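Each chain is listed here by its residues.
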Amino acid sequence: MQSVHIGFSINEILFLATVLTGLCWAAWRLKLRRLPEPPQKKPLWVSFGAELFTVVALMFTCRIALADWPRVPSGSMEPTLRVGDYLLVNHLAYGPRLPFTNTALEFGRPQRGDVVVFRYPQNVSEFYVKRLVGLPGDTVAFRDGTVSVNGAPFDVQTVGDGVVSEDRGQWLVRETAGSASRELKINPFVQGRLPLNLDDPGLAAHCRSERAGAWACTVPEGQYLMLGDNRDNSADSRVWGFLPHEQVYGKAVRVLINFADLKRAWTAL
């Protein structure tokens with residue numbers, strides 16, 4: 001039987017705030033029914049509780065059922081995502097997730113190549129964003145920073161050297177694997193030679209490593225293999241293992257805005 005991990009993030013805070021303000025609203029409505037006329041001055045708990053109920057409830061419903069807008073804190077998904085990007089996360093792509101347990105009302109399933117926001121398996125109160133490269137049953141081969149899926153030839157094209165400051169000294173390449181294409185960043189002095197964490201039981205059971213930077217994994221049922229597009233600067237499935245399906249949170253579909261680079265606004269992913 002699979003254990004249930006309880007998360008506590010902004011969504012859980014909003015849920016508790018919705019419950020608390022909802023109780024204040026209900027208590028105030030009941031009190032008004034017993035009074036001959038409304039009081040001249042409202043109590044403090046009404047002003048800061050009951051009257052905020054609608055606003056808080058709308059915020060909570062929007063974040064859980066429709067869309068979310070987290071900020072990218074690190075460069076692990078460069079060049080696709082940049083530090084400071086605010087993402088539009090579509091919950092309708094996979095279905096809304098309920099707070100605390102992340103239980104899904106499923107409308108769909110993640111696909112290869114999706115940029116997925118999920119609860120970090122080792123601390124489900126944190127949200128990570130990575131690219132899905134392996135579905136359940138897929139065999140993913142990794143060689144020097146790039147991947148192939150289910151025995152297909154490696155399909156990598158050089159884009160050029162990085163131009164913006166955070167990409168200088170890095171190689172930019174276009175990788176096509178599992179019918180999905182994306183631009184990656186590879187450090188020429190590392191080239192994917194980060195060790196696969198075979199101390200993780202899931203990786204040890206489903207992966208084999210020829211050497212640093214050369215390994216293959218068969219993704220187990222109900223889980224996904226996730227990698228950052230910045231292949232030499234990403235803590236991803238190579239470090240913490242496969243992603244359980246129940247920790248999927250939503251699909252990142254666009255960059256809403258980056259206040260340090262306004263040209264990135266509404267960039268499709």
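Here's what I pulled together on the structure shown here. (Residues numbered from 1 in each chain as written. Predicted model: local features only at pLDDT ≥ 70, side-chain atom pairs only at ≥ 80, totals over all residues. Heavy atoms only, no water.)

**Here's the deal with the sheet that holds strand β7 (residues 155–161)**
Phase 1: Within the open sheet, the 3 strands sit side by side as β7-β8-β9. Their pairing is antiparallel. Pairing within the sheet leaves two strands with one partner each, and these edge strands are β7 and β9 (180–186). Strand-to-strand twist of the sheet, defined as the mean angle between neighbouring strand axes without regard to direction, takes the value 25°.
Phase 2: Looking at chain direction, strand β8 (residues 171–177) and β9 are connected through 7 bridges and run antiparallel. Note that in β9 the partner of Thr176 across the bridge is Ser181. (Pairing = 2+ DSSP bridges. Helix = DSSP H or I, 4+ residues; strand = E, 2+ residues; numbered from the N terminus. Axes fitted to C-alpha atoms, helices over the stretch in contact; angles between N-to-C directions.)

**Digging into the environment of Ala50**
Phase 1: Tracing the chain through its elements places Ala50 in the loop between α2 (44–47) and α3 (53–66).
Phase 2: In this structure the C-alpha to C-alpha distance between Ala50 and Arg29, which are 21 residues apart in sequence, comes to 9.0 Å.
Phase 3: If sequence neighbours within four positions are ignored, Ala50 has contacts with Thr21, Cys24, Trp25, Trp28 and Trp45. (Contact = heavy atoms within 4.5 Å.)

**Description of the packing of helix α1 (residues 10–34) against α3**
The description of two packed helices rests on the angle between their axes and on the distance between the axes.
Phase 1: As a packed pair, α1 and α3 sit with axes 9 Å apart at the nearest point and diverge in direction by 150°. You can see that α1 and α3 cross each other, and the crossing is left-handed. Of α3, the residues touching α1 (which contributes Ile10, Asn11, Leu14, Phe15, Ala17, Thr18, Thr21, Gly22 and Trp25) are Phe53, Val56, Ala57, Met59, Phe60, Arg63 and Ile64. (Left-handed = near helix turned anticlockwise from the far one by under 90°.)

**A few points about α3**
Phase 1: Under the 1.5 Å per step criterion, the end-to-end length of α3 is 19 Å for 14 residues, consistent within 8% with the ideal 20 Å.
Phase 2: Within α3, burial applies to Val56, Ala57, Phe60, Arg63 and Ile64. An end-on view of α3 places all buried positions within 140° of arc, on one side of the element. Turned more than 90 degrees from where α3 packs its buried face, Thr54 and Leu58 sit exposed.
Phase 3: Each element contacted by the buried residues of α3 is listed here: α1, β1 (67–68) and β14 (248–257). (Expected span 1.5 Å × (residues − 1). Buried < 20%, exposed > 50% of the residue type's maximum accessible area, 1.4 Å probe, protein only. Arc of directions from axis to C-beta.)

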